[in-house]
Amino acid sequence: MIMFCLPYAGGSEGTYYNWKKYLNSSIQIEPIELKGRGKRFDESFYETLDEAVEDIFENIKDKVIENDYVIYGHSMGSLLAYELYYKIKSQNIKNPEHIFFSGYKAPNIKRGRKIIHKLPDKEFVKEIFDLGGTPEELLNDNELLQIFIPILRNDFRIIENYIYKKKKDKIQCDISILNGEQDDITFEEILKWKDHGGRGVKIYNFEGNHFFINNNIEKITKVIYETIKLSKTSQASY
């Protein structure tokens, strides 16, 4: 089983490297590297979220065709995972076994936060820091900041310019919603994910803020393993 992992704004494939030592070896983690960072640092940023989804699809489609797979996305990665599902479906390729949406309200809910991608650097960095999850050493390293600010700013731009379009069909695989108890996403906004799931929907709450995934790796990977194991058991019983 392959698990494609989609990063949050400013994140890279390295976001999920530590998960490998906690997750059962039967699940192969495939972190997705987006343009403009990591090993793809010299590639141009995406103009739209749709462009990012298209790029992700092109990079995983061969593995999707040949393997059973699940998708995990955190924050921006959840929105990418949601649209990626429908991109895959439009190509008549088999559905994922499961999708894990983490740290993001249902996609049809309008963003309540102010638009930040147009803010001057100083104000923009403060907004990012207030979200939590940004290492303080990064904020104190001006040279490093100058590398990351354009990446973060573009990620927030494509999120903030995203326009939700109602889908004809609901997601035809089970989904799990993971949430930080101290995040500013309300429980009602989390529950709205049920409107998008055409099959089973489970919600998991973890101690922490928006970046609860950094402090709950062992618990999250256990949920992932147990979910996939249960899915396989259910299929085998038919």
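Residue positions are given per chain, counted from 1 along the sequence in the order it is written. Selection of residues for local features in this predicted model requires a pLDDT of at least 70, selection of side-chain atom pairs for listing and counting requires 80 or more, and totals for whole chains, interfaces and linings are taken over all residues. Working from all heavy atoms in the structure, the side-chain values ignore hydrogens and water.

For the rest of this paragraph, the subject is the overall build of the protein chain. Counting from the N terminus, the helices are DSSP H or I runs at least four residues long and the strands are E runs at least two residues long. Looking only at helices and strands, the protein chain has seven helices and six strands in total. Sequence-ordered secondary structure for the protein chain, helices as α and strands as β, is β-β-α-β-α-β-α-α-α-β-α-β-α. Atoms counted for the radius of gyration: C-alpha only. Globule rule: 2.2 Å times the number of residues to the power 0.38. Its C-alpha atoms give the protein chain a radius of gyration of 17 Å, within 12% of the compact-globule value 18 Å for 238 residues. Summarising its shape, the C-alpha atoms of the protein chain cover approximately 55 × 35 × 35 Å along the three principal directions. Whether a residue is buried, partly exposed or exposed follows from its accessible area with a 1.4 Å probe, protein chains only, as a fraction of its type maximum: under 20%, in between, or over 50%, in that order. Burial statistics for the protein chain: of 238 residues in total, 52% are counted as buried. Considering only residue pairs separated by 6 or more positions, the protein chain has 79% of its internal contacts joining residues 24 or more positions apart. In short, Shrake-Rupley with a 1.4 Å probe defines the accessible areas, and a residue's cover is counted only from the protein chains shown. Total accessible area on the protein chain stands at roughly 12200 Å², and carbon and sulfur atoms take up 48% of it. For this analysis, residues touch if any pair of their heavy atoms sits within 4.5 Å.

Moving on, we get to the confidence of the model for the protein chain. Averaged over every residue, the pLDDT of the protein chain is 91; the share at 70 or more is 94%. In predicted models, pLDDT denotes the confidence assigned by the predictor to each residue on a 0 to 100 scale. Confidence, read as mean pLDDT per element, is least for helix 4 (residues 136–139) in the protein chain (67) and greatest for strand 4 (residues 98–102) (98).

Let us look at the pattern of salt bridges. Salt bridge, as used here, is a side-chain nitrogen of Lys or Arg placed within 4 Å of a carboxyl oxygen of Asp or Glu. For the structure shown, the criterion picks out 15 salt bridges. The closest approach of N and O atoms between Lys-63 and Glu-30, which form a salt bridge, is 3.0 Å. Here the residue Lys-63 occupies a position in helix 1 (residues 49–66), and Glu-30 occupies one in strand 2 (residues 28–31), the gap between them amounting to 33 residues. The shortest N-O distance in the salt bridge between Glu-58 and Lys-61 comes to 3.0 Å. Of this pair, Glu-58 and Lys-61 are both found in helix 1, three residues apart, which corresponds to roughly one turn of the helix.

Each axis is a line fitted through C-alpha atoms, taken for helices only over the stretch in contact, and angles between the N-to-C directions span 0 to 180 degrees. It is the contact of helix 1 with helix 2 (residues 76–90), at a shortest axis distance of 9 Å, that shows an interaxial angle of 60°. Judged by the inter-axis angle, helix 1 sits oblique to helix 2. Crossing of helix 1 over helix 2 shows right-handed handedness. Every residue of helix 2 that contacts helix 1 at Leu-49, Ala-52, Val-53, Glu-54, Ile-56, Phe-57, Ile-60 and Val-64 is listed here: Leu-79, Leu-80, Glu-83, Leu-84, Lys-87 and Ile-88. Looking at the contact of helix 1 with helix 2 residue by residue, the class counts come to 11 nonpolar, no polar and three charged. An angle below 35 degrees is read as roughly parallel, one above 145 as roughly antiparallel, one from 65 to 115 as roughly perpendicular, and any other as oblique. Crossings are classed by handedness, with left-handed meaning an anticlockwise turn of the near helix from the far one by less than a right angle and right-handed meaning a clockwise turn. Throughout, the ten residues Ala, Val, Leu, Ile, Met, Phe, Trp, Tyr, Cys and Pro are labelled nonpolar, Asp, Glu, Lys and Arg are labelled charged, and all others, Gly among them, are labelled polar.

Now for the sheet that holds strand 3 (residues 69–74). As summarised here, the arrangement of the six strands in space is 2-1-3-4-5-6, forming an open sheet in which the pairing is parallel. With partners counted over all chains shown, the strands left at the sheet margins are strand 2 and strand 6 (201–206), one partner each. Averaged over all adjacent pairs, the angle separating strand axes in this sheet is 20°, with direction ignored. Helix 1 rests against strand 1 (2–6), strand 2 and strand 3 of the sheet, and its axis sits at about 170° to strand 1. Sheet strands touched by helix 2: strand 1, strand 3 and strand 4. Its angle to strand 3, the strand with the most contacts, is close to 145°. Strand pairing is assigned whenever DSSP detects at least two bridges linking the two strands.

It is worth spelling out helix 3 (residues 121–131) at this point. Residues spaced three or four apart along an α-helix face the same direction, because each turn holds 3.6 residues. Listed in full, the buried residues belonging to helix 3 are Phe-124, Val-125, Glu-127, Ile-128 and Leu-131. Down the axis of helix 3, the buried set is contained in an arc of 160°. They therefore lie on one face. For helix 3, the exposed residues lying more than 90 degrees away from the buried face are Lys-122 and Lys-126. Following helix 3 by one or two positions, Gly-132 adopts a phi angle in the positive range, close to 90°. The directions considered for the arc run from the helix axis to the C-beta atoms.

What follows deals with the environment of Tyr-104. Along the chain, the position of Tyr-104 falls in the loop between strand 4 and helix 3. With a relative accessible area of 11%, Tyr-104 lands in the buried category. Put simply, Tyr-104 and Glu-66 are 38 residues apart on the chain and 29 Å apart in space, counted from C-alpha to C-alpha.

As a further point, take a nonpolar patch on the surface. Patches here are clusters of residues that have more than 30% relative accessible area and form no salt bridge, with a 9 Å joining cutoff for like charges and a 5 Å cutoff for nonpolar side chains (Val, Leu, Ile, Met, Phe, Trp, Tyr). On the surface, Phe-41, Leu-144 and Ile-147 cluster together into a nonpolar patch covering about 260 Å² of accessible area. For Phe-41, the position within the fold is in the loop between strand 2 and helix 1.

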